[in-house]
Amino acid sequence: MSVMVARKKVVRKWEKLPGRNTFCCDGRIMMARQKGIFYLTLFLILGTCALFFAFECRYLAVQLSPAIPVFAAVLFLFAMATLLRTSFSDPGVIPRALPDEAAFIEMEIEATNGTVPQGQRPPPRIKNFQINNQIVKLKYCYTCKIFRPPRASHCSICDNCVERFDHHCPWVGNCVGKRNYRYFYLFILSLSLLTIYIFTFNIVYVALKSLKIGFLNTLKETPGTYPSTSLTVLTVLEVLICFFTLWSVVGLTGFHTFLVALNQTTNEDIKGSWTGKNRVQNPYSHGNIVKNCCEVLCGPLPPSVLDRRGILQQEESTAQEESCPRGPSTQETTAAQGPGGQAEESSAQQKDGSLPHLSAVPAPSLSNAEMPEEKQLTSGELPVPSQDAGQAEH
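Residues numbered from 1 in each chain as written. Predicted model: local features only at pLDDT ≥ 70, side-chain atom pairs only at ≥ 80, totals over all residues. Heavy atoms only, no water.

A. Spotlight on the UniProt feature "transmembrane region" (unreviewed entry) in the chain. Under the UniProt annotation, the feature "transmembrane region" (unreviewed entry) is placed at residues 37-55, 67-84, 183-208 and 228-250. Structurally, residues 37-55 is divided into 100% helix and 0% strand, and its ends, taken at the C-alpha atoms, are 27 Å apart. The span residues 67-84 carries 100% helix and 0% strand; its end-to-end C-alpha distance comes to 26 Å. (UniProt positions renumbered as here; feature names shortened; annotations may be inferred. Helix = DSSP H or I, 4+ residues; strand = E, 2+ residues; numbered from the N terminus.)

Shown next as structure tokens:
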């Protein structure tokens, strides 16, 4: 005969999280689903630095100083570390409301606003919050079913509310928020320094070569031993990549330096939250550049509230076949049955006289529609045992 055995299956919380994110390494790495531009970022950084270390660094270390490749390596490793930290971390995603919490919030909103006549637009769902004697509006998110905290916003690409949302950056493949903004700023700052460094020493390399054999001869240099022709072409390619990168990366670094000094986000700057017609002052600014920079870049980093690697236990019922021996045990089971063919109450007792656990007794499976109206269960309710079931148990 076949016996139903309940087996627990361990499921991590990141497997059930809503939103459009991808997880790797058992939930330790969290990124957006659109990662194509992130791979392009890795390719440009790794490719340019590999060419610089393979060709120019050896010549410059001999002709000028061995410290040139060492400092370049430090900048490269720091830029890569901050890039990966920005891309692989939780930017500050706010969990969505549970069904019970969402229902409670909806009841509060309906009680506050009252019933809206049909055809009329319901009033906006906003709560006023005071920060530093300044009124800040908390907006309701219809997707996450929560009132967003101050400075939070819903990312349409990742489909999550992010605390202190700055912007969604496709170049790093993730949102930039409260938990990874400092790493994003350090990444673009170190990348700007690395780009300027490589661009400068590429020009120095070409200048040193030109002083010996001339600029045109440097471009036309074709000895048969070492592939200097490809070396010159790759050097020019590096110069072009660094030149066009300077305009974007250095400009972006300057813009975010300005935002850090004012303790402001990109989202607030685009919307004109503190520089609009009302001329409302920024309640988060300390009025001091040093204090603002210390809060944004050196303040305490809040922990993630997602608990991505938390455990959710789900039960799986599997059917296992067991061979029952023929003999007295079968006859005893038949004899234990009453006239109606059902097992009597005494047959449920174990050898030691105790009753089996409730999970071992199969319960009749009735759909919600087949149950009486007063016993139908809604989502989230736990079934209440009836009096008959309690008497049968005892």
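B. Expanded view of the nonpolar core. Within the largest apolar cluster, 39 residues are counted, with the highest numbers of intra-cluster contacts made by Ile45, Phe52, Leu83 and Phe187. Looking at this core, the elements that each hand over two or more residues are β3 (29-32), α1 (36-63), α2 (67-87), α4 (181-213) and α6 (228-262). Those residues in contact with Ile45, other than ones at most four positions away along the chain, are Phe76, Met80, Leu83, Phe187 and Leu191. (Core = buried A, V, L, I, M, F, W, Y, C linked by side-chain atoms within 4.5 Å. Buried < 20%, exposed > 50% of the residue type's maximum accessible area, 1.4 Å probe, protein only. Contact = heavy atoms within 4.5 Å.)

C. Summary view of the pairing of strand β6 (residues 134-141). Pairing between strand β5 (residues 126-131) and β6: 6 bridges, direction antiparallel. Note on β6: the bridge partner recorded for Ile126 is Lys139. With antiparallel pairing between neighbouring strands as the criterion, β5 and β6 make up a hairpin whose turn holds 2 residues, including Asn132 at a positive phi of roughly 50 degrees. Following β6, the chain reverses through 4 residues before pairing antiparallel with strand β7 (residues 146-147); Lys145 in that reversal takes a positive phi of roughly 60 degrees. (Pairing = 2+ DSSP bridges.)

D. Seen up close, the confidence of the model for the chain. Here the chain shows a mean pLDDT of 75. Residues at 70 or above account for 66%. Across the chain, element-level confidence peaks in α2 with a mean pLDDT of 95 and bottoms out in helix α10 (residues 387-393) with 41. A low-confidence stretch, residues 222-229 stays under pLDDT 50, and its non-local contacts, those more than four residues away or across chains, total 7 contacts. Long-range and interchain partners of residues 322-394, a stretch whose pLDDT sits below 50, account for 30 contacts in this model, where long-range means more than four residues apart. (pLDDT = per-residue confidence, 0-100.)

E. Region of interest: the sheet that holds strand β8 (residues 153-155). Across the sheet, 3 strands lie side by side as β4-β9-β8; this open sheet has antiparallel pairing. Since the sheet does not close on itself, it has two edges, and those belong to β4 (93-94) and β8, each with one partner. When β4 meets strand β9 (residues 160-162), the two strands line up antiparallel, connected through 2 bridges. Paired with Val93 across the two strands is Val162, which belongs to β9.

F. Quick look at the pattern of salt bridges. With the rule as written, the count across this model stands at 5 salt bridges. Close ionic contact of Arg12 with Asp26 constitutes a salt bridge, the shortest N to O distance being 3.5 Å. Taken together, the residues span a long stretch of sequence, with Arg12 in strand β1 (residues 2-12) and Asp26 in the loop between β2 (21-24) and β3 at a distance of 14 residues. Residue class for Arg12 comes out partly exposed when judged on its relative accessible area of 21%. Overall, the relative accessible area of 28% leaves Asp26 in the partly exposed class. (Salt bridge = Lys/Arg side-chain N within 4 Å of Asp/Glu carboxyl O.)

G. Molecular detail of the packing of aromatic side chains. Using the criterion set out here, one finds 14 aromatic pairs in the structure. Ring centres of Phe38 and Phe88 lie 6.2 Å apart, and the angle between their planes is 65 degrees; this geometry places the pair in the edge-to-face category. Of this pair, Phe38 sits in helix α1 while Phe88 sits in the loop between α2 and β4, and the two are 50 residues apart along the sequence. When the centroid spacing of 6.0 Å and the interplanar angle of 85 degrees are considered together, the rings of Phe243 and Trp247 count as edge-to-face. Pair noted here: Phe243 and Trp247 are both in helix α6, with a separation of 4 residues, about one helical turn. Relative accessible area serves as the criterion here: at 35%, Phe243 is assigned to the partly exposed category. Here the basic side chain of Arg151 rests over the ring of Tyr284, its NZ or CZ set 4.1 Å away from the ring centre. Above the ring of Tyr181, the side-chain terminus of Arg164 is found at 5.3 Å from the ring centroid. (Phe/Tyr/Trp six-rings, centres within 6.5 Å; stacked < 30°, edge-to-face > 60°. Lys NZ or Arg CZ within 6 Å of the ring centre and 35° of its normal.)

H. Broad picture of the environment of Ser153. Assignment of secondary structure puts Ser153 in strand β8. Remark: the alpha-carbon pair of Ser153 and Cys141, spanning 12 residues in sequence, is separated by 8.6 Å. In this structure Ser153 touches Arg148, Asn160, Cys161, Val162, Phe165, Asn267 and Lys271, once residues within four positions along its chain are discounted.

I. Just unusual backbone geometry, in detail. In the Ramachandran plot, Cys25 falls in the positive-phi region, its phi being about 55 degrees despite a non-glycine side chain. Mapped onto the secondary structure, Cys25 falls in the loop between β2 and β3. We note that Asp26 has phi near 60 degrees; this positive angle belongs to a residue other than glycine.

J. A look at α1. With 28 residues, α1 extends 40 Å from end C-alpha to end C-alpha; this agrees with the ideal 40 Å at 1.5 Å per step. Residue Glu56 marks the point of greatest curvature in α1, where the axis turns by about 45 degrees. Turning to α1, its buried residues are Phe38, Thr41, Leu42, Ile45, Thr48, Cys49, Phe52, Phe55, Glu56, Cys57, Tyr59 and Leu60. (Expected span 1.5 Å × (residues − 1). Bend = angle between axes of the 7 residues up to and from the residue.)

K. How the structure looks around the pairing of β3. Side-chain alternation along β3 places Ile29 and Met31 on one buried face and Met30 and Ala32 on a second face that is also buried. Relative to β3, β2 runs antiparallel, the two being bridged by 4 bridges. Across the sheet, the residue bridging to Thr22 is Met31, located in β3. Once β2 ends, the chain turns through 4 residues before running back antiparallel as β3, passing Cys25 with a positive phi of about 55 degrees.

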